[in-house]
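Here are the chains, one letter per residue:
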Amino acid sequence: MSITPPSERIWWKEPIHKVELIWIIIAFVWGLIMFFMMIYWHSVGEQNLSNEAYRIDPAVFAEKAQAMTEQHKVREEGGFPVVHPPPGSDVYLIARLWQWWPILEFKKDESYRLHIASMDWQHGFSLQPVNINLQIHPGYEMVVTLKPNQTGEFSVVCNEFCGIGHHTMIGKIYVVD
Ligand code: CUA
C-alpha cells in the first residue's frame, strides 16, 4: 500500500520506454539461445546424461539387485559386497537410508545398463570426482547406459538431504582394466 496514490488514475497504461523494450528483447533472445544450448550441450558437451526413468516396485528391484550380487560378487569390503557384473549386463544399485548397495566394479571401455532406485526416500546420486548427477525418486528407477572411460576408484555421494545419516551415505564404484 502506498502512502500517496499515483497522480494518474490509469498509471499502468504508459507507452513502453525504448530502453525497457530493448532489454526485454535481449532477455527473451538470450532465453531462446540458452534453451537450444541445452539440446546442444546434451549431444556435444557431454554434460547431461541420456537417462531413462521407469516406475518400479522397490521390493522387485531389491530382488534383482540381490540376485545380481549373489551371482557376480567377487569380494567383500567393510561388510559390503563388491560386484563385478559381466559387460553389457543390467546392473542394479540400491539407494537407501543410508547407503549405496552394493559396491560395483566395472571394466573400462565396456558398456553397462546401470539401474538406480531408492528403497525409501529421495536420494541424490552424485558420482565423484567426475560430477555426474541424478535424482533418485522413490518408486522409480533411473537407467543409464554407461561406458567408463577411465580407471580408478569413484565415490557415490548422496547430494539430496535424506535425514540424520545423509552425510554418511557414500558408496563406491571401481573401474578396472
Ligand atoms: Cu541419501 Cu542423502
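For the structure, check the block above.
Quick caveat: nothing in here was measured; it's all calculated off a predicted structure.

Turning next to the side chain of His166. Tracing the backbone through its elements, the reader meets His166 in the loop between strand 11 (152–158) and strand 12 (170–176). Other than its neighbours up to four places away in sequence, His166 contacts Trp98, Cys158, Asn159, Glu160 and Phe161.

Turning our attention to the pattern of salt bridges. Evaluation of the coordinates by the stated rule reveals 6 salt bridges. The partner of Glu76 in a salt bridge is Lys73, and the shortest N-O contact between them spans 2.5 Å. By relative accessible area, which is 48% here, Glu76 ends up partly exposed. The partner of Glu77 in a salt bridge is Arg75, with the nearest N and O atoms 3.6 Å apart. Residue classification places Glu77 among the partly exposed residues on the basis of a relative accessible area of 22%.

Moving on to the sheet that holds strand 7 (residues 112–118). Read across the open sheet, the 5 strands follow the order 1-10-7-4-5; overall the sheet is mixed. Each having just a single partner strand, strand 1 (52–55) and strand 5 (99–101) make up the two edges of the open sheet. When the angles between neighbouring strand axes are averaged without regard to direction, this sheet yields 25 degrees. Relative to strand 5, strand 4 (residues 90–96) runs antiparallel, the two sharing 3 bridges. Note that in strand 5 the partner of Ala95 across the bridge is Trp100. On the sheet, helix 2 (residues 58–72) packs against strand 4, strand 5, strand 7 and strand 10 (140–146) and is oriented at approximately 120 degrees with respect to strand 4.

Analysis parameters
Residues numbered from 1 in each chain as written. Predicted model: local features only at pLDDT ≥ 70, side-chain atom pairs only at ≥ 80, totals over all residues. Heavy atoms only, no water. Helix = DSSP H or I, 4+ residues; strand = E, 2+ residues; numbered from the N terminus. Contact = heavy atoms within 4.5 Å. Salt bridge = Lys/Arg side-chain N within 4 Å of Asp/Glu carboxyl O. Buried < 20%, exposed > 50% of the residue type's maximum accessible area, 1.4 Å probe, protein only. Pairing = 2+ DSSP bridges. Axes fitted to C-alpha atoms, helices over the stretch in contact; angles between N-to-C directions.

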